[in-house]
Amino acid sequence: MAGGSGGEETNLEYTPTWVVALVCSVIVAISLAVERLLHYAGKYLKKKKQKPLFEALLKIKEELMLLGFISLLLTVFQNRINTICISQHSSGKWLPCKKEDDTSTTHFQTSFSSFTSGNARRLLAEASASTDHCSKEGKVPLLSATALHHLHIFIFVLAIVHVSICALTILFASAKIRQWKHWEDAIQKKEHDSEEVLRTKFTHVQDHAFIRGRFLGIGKNLTFLGWLQSFFKQFYASVTKDDYTTLRLGFIMTHCRGNPKFNFHKYMIRALEADFKKVVGISWYLWIFVVIFLLLNVHGWHAYFWISFIPFLLLFAVGTKLEHVINQLAQEVAEKHAAVEGDLVVQPSDDHFWFHRPRIVLLLIHIILFQNAFELAFFFFIWVQYSFDSCIMGQVGYVIPRLVIGVLVQFMSSYSTLPLYAIVTQMGSTFKKAIFEEHIHEGLAVWAKHAKMKTNARMTPTVTGSTTLPVDPKETSQSHDESLKGAEIQHDPSIQGPKEM
């Protein structure tokens, strides 16, 4: 509208310049403040040499850029979407709320009382214009301006809640794992005592605390009891000191036998921080879940109530599996040996994990956290935007259990499942690149780059083509020493070209 009188909406032609400048200043100030906050957070993490967390921060920035692009698309194509018309019959199907007024033409039953001033008038005016356009054809708009605006807000809320939940989960899980540090310190101190090491010559397997706590002695014919024990074990003392000591020794004897003083606890923390950047992002398949969830939100289906059980059941399945892996490691040793020389050593293997891939566990945790974030984000969005009594919220008997399940999933993820993941997934056949300190990892990368350059430099053209001449091992070794100059590395003869998970 061009006019500026009465209750009509005004455009920039009739808006005071000081209002435009003031609103623009506030928006720019908030944006710059957030950008500076992320910038200084990145500098702090780089200063503290927290590269995995820094990469996770970069992942968050990518998600914010994606949200900005989605927001731009919704804004640019808003008018175009409003002009798309569908039949009234189609608009009456698959509604989240049952229509009480047949003249309603929007997909979402909205309460316009929550909108005030200019924004409400603008959305109402656009909705009226699109309705008039479609009514001439005997149809209704595909999506009203108000519904599109609400969808816009919900996507933003979902991303913020997902990042917040992931950050809180990692934070609390890291706090839980750091409680194991005194176990690592006690083991390191014990290994300095050579007399105590000499006294431990033989270990009776059945008398070992790890075997007593994990092996039921029921054999493979009654595996159900083993799974049942694993299920309940995740709720109390999911990882004990004996578990930590035995799994730590198994990892060291398998992957770095030449370095018995390897700090397993620091390695776990580095590996968990590296995995955080994968969990905090919203992958393409998670956006597919969003579309499916929005599709199933039909009146009378109570779909979100049933969907809330998916992360709940997946969480217990993952926790049970991780506990069962520890039980399997104990069972293997108990069935093969009556006594062993030295300490009890388990044998890590990918065979204990689903499809022989420990990384599947991280994928499932990613899905669990996202689905839980979706449930909580949808609840708070509907509560603030429409009210608790809104029909789209659902009946109280279905809403309260969803909230309880969401809180329980969040608590169990932080307290039990993620700490279990941090230690048990190290029991695979390979190790992660976090096994190296950051400066060593960079040194190895430089060495590999130099070795590749040496190889390319020794390529000699011939009449028939190019022939690769062998590289002098002394030159490669010299290049390796130069690239790692200044870095203190404890050589591990058991590592023959690191295989990463």
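The shown structure was predicted, so the numbers you read here are calculated from the model rather than taken from an experiment. (Residues numbered from 1 in each chain as written. Predicted model: local features only at pLDDT ≥ 70, side-chain atom pairs only at ≥ 80, totals over all residues. Heavy atoms only, no water.)

S.K.: Can you tell me about the overall build of the protein chain, naming the residues and giving the values?
M.R.: Within the protein chain, the secondary structure is distributed over 19 helices and 6 strands. Per-residue burial over the protein chain gives 41% buried out of 501 residues. Across the protein chain, contacts joining residues at least 24 apart in sequence account for 80% of those joining residues at least 6 apart. Here the protein chain displays about 28,100 Å² of accessible surface, and carbon together with sulfur accounts for 63% of that area. (Helix = DSSP H or I, 4+ residues; strand = E, 2+ residues; numbered from the N terminus. Buried < 20%, exposed > 50% of the residue type's maximum accessible area, 1.4 Å probe, protein only. Contact = heavy atoms within 4.5 Å. Areas by Shrake-Rupley, 256 points an atom, 1.4 Å probe, with all protein chains shown as cover.)

S.K.: I'd like a rundown of unusual backbone geometry, residues and numbers included.
M.R.: Unusually for a residue other than glycine, Ala237 sits at a positive phi of about 45°. With respect to the helices and strands, the residue Ala237 is situated in the loop between helix H10 (223-233) and helix H11 (241-255). Residue classification places Ala237 among the partly exposed residues on the basis of a relative accessible area of 40%. Phi angles above zero are rare outside glycine, and Phe355 is one such case at about 55°. Tracing the backbone through its elements, the reader meets Phe355 in the loop between strand E4 (339-341) and helix H16 (359-385).

S.K.: Please give an account of helix H17 (residues 396-424) that cites residues and values.
M.R.: Its 29 residues give H17 an end-to-end C-alpha distance of 39 Å, which sits within 8% of 42 Å, the value for a rise of 1.5 Å per residue. Of all the bends found along H17, the most pronounced is centred on Ser413 and spans about 50°. (Expected span 1.5 Å × (residues − 1). Bend = angle between axes of the 7 residues up to and from the residue.)

S.K.: Explain the pattern of salt bridges to me, using residue names and the numbers behind them.
M.R.: Using the criterion set out here, one finds 7 salt bridges in the structure. A salt bridge links Arg214 to Glu323; the nearest nitrogen and oxygen atoms lie 2.5 Å apart. Of the two residues, Arg214 is situated in helix H9 (residues 209-214) and Glu323 in helix H15 (residues 309-336); the sequence distance between them amounts to 109 residues. Residue Glu323 is classed as buried on the basis of its relative accessible area, which comes to 0%. (Salt bridge = Lys/Arg side-chain N within 4 Å of Asp/Glu carboxyl O.)

S.K.: Lay out the nonpolar core in plain terms, naming residues and giving numbers.
M.R.: Judged by nonpolar contacts, the single largest core of 99 residues is most densely connected at Phe251 and Ile423. If you tally residues by element for this core, the top one is H16, at 16 residues. (Core = buried A, V, L, I, M, F, W, Y, C linked by side-chain atoms within 4.5 Å.)

S.K.: Tell me about the state of the cysteines, and please be specific about residues and values.
M.R.: Going through the model one piece at a time under the given rule, you end up with 1 disulfide. Between the sulfur of Cys97 and that of Cys391 lies a disulfide, 1.9 Å long from S to S. Classification of the bridge connecting Cys97 and Cys391 rests on its S-S torsion, roughly 105°, and on that basis the disulfide is right-handed. With Cys97 in the loop between helix H4 (88-91) and helix H5 (117-135) and Cys391 in the loop between H16 and H17, the pair connects residues that are 294 residues apart, well separated along the chain. Of the residues examined, Cys391 reaches a relative accessible area of 41% and is grouped as partly exposed. (Disulfide = S-S within 2.5 Å.)

S.K.: Mind laying out the packing of helix H12 (residues 264-279) against H17, listing which residues take part and the relevant values?
M.R.: Between H12 and H17, the least distance of the axes is 9 Å, while the angle of their chain directions is 115°. For the pair H12 and H17, the crossing hand works out as right-handed. Where H12 abuts H17, its residues Phe264, Met268, Leu272 and Asp275 lie against Leu418, Tyr421, Ala422 and Ile423. Here the contact of H12 with H17 is composed, by residue class, of 7 nonpolar, no polar and 1 charged. (Axes fitted to C-alpha atoms, helices over the stretch in contact; angles between N-to-C directions. Left-handed = near helix turned anticlockwise from the far one by under 90°. Nonpolar A, V, L, I, M, F, W, Y, C, P; charged D, E, K, R; others polar.)

S.K.: I'd love a proper account of a nonpolar patch on the surface, names of residues and values included.
M.R.: Side chains of Phe224, Leu225, Leu228, Phe232, Phe235 and Tyr236 sit close together on the surface and give an oily, nonpolar patch of about 610 Å² of accessible area. Residue position: Tyr236 is located in the loop between H10 and H11. (Patch = residues over 30% accessible without salt bridge, like charges linked within 9 Å, V, L, I, M, F, W, Y side chains within 5 Å.)

S.K.: Break down the UniProt feature "transmembrane region" (unreviewed entry) in the protein chain for me, with residues and values.
M.R.: Mapped onto the present numbering, the UniProt feature "transmembrane region" (unreviewed entry) falls at residues 18-42, 63-81, 151-173, 279-297, 303-322, 360-383 and 403-424. Between the C-alpha atoms that bound residues 279-297 the distance is 26 Å, and the span itself is 68% helix and 0% strand. (UniProt positions renumbered as here; feature names shortened; annotations may be inferred.)

S.K.: If you had to explain the environment of Phe232 to someone new, which residues and values would you point to?
M.R.: Inspection of the secondary structure puts Phe232 in helix H10. Remark: the alpha-carbon pair of Phe232 and Phe316, spanning 84 residues in sequence, is separated by 9.6 Å.

S.K.: How would you explain the environment of Met393 if you had to name every residue and give the values?
M.R.: Mapped onto the secondary structure, Met393 falls in the loop between H16 and H17. Looking at Met393, the relative accessible area reads 2%, which means it is buried. As for Met393 and Phe381, which are separated by 12 residues in sequence, their C-alpha atoms are 9.7 Å apart. Filtering out sequence-adjacent residues up to four positions away, Met393 remains in contact with Phe379, Ile382, Trp383, Ser387, Phe388, Val399 and Arg402.

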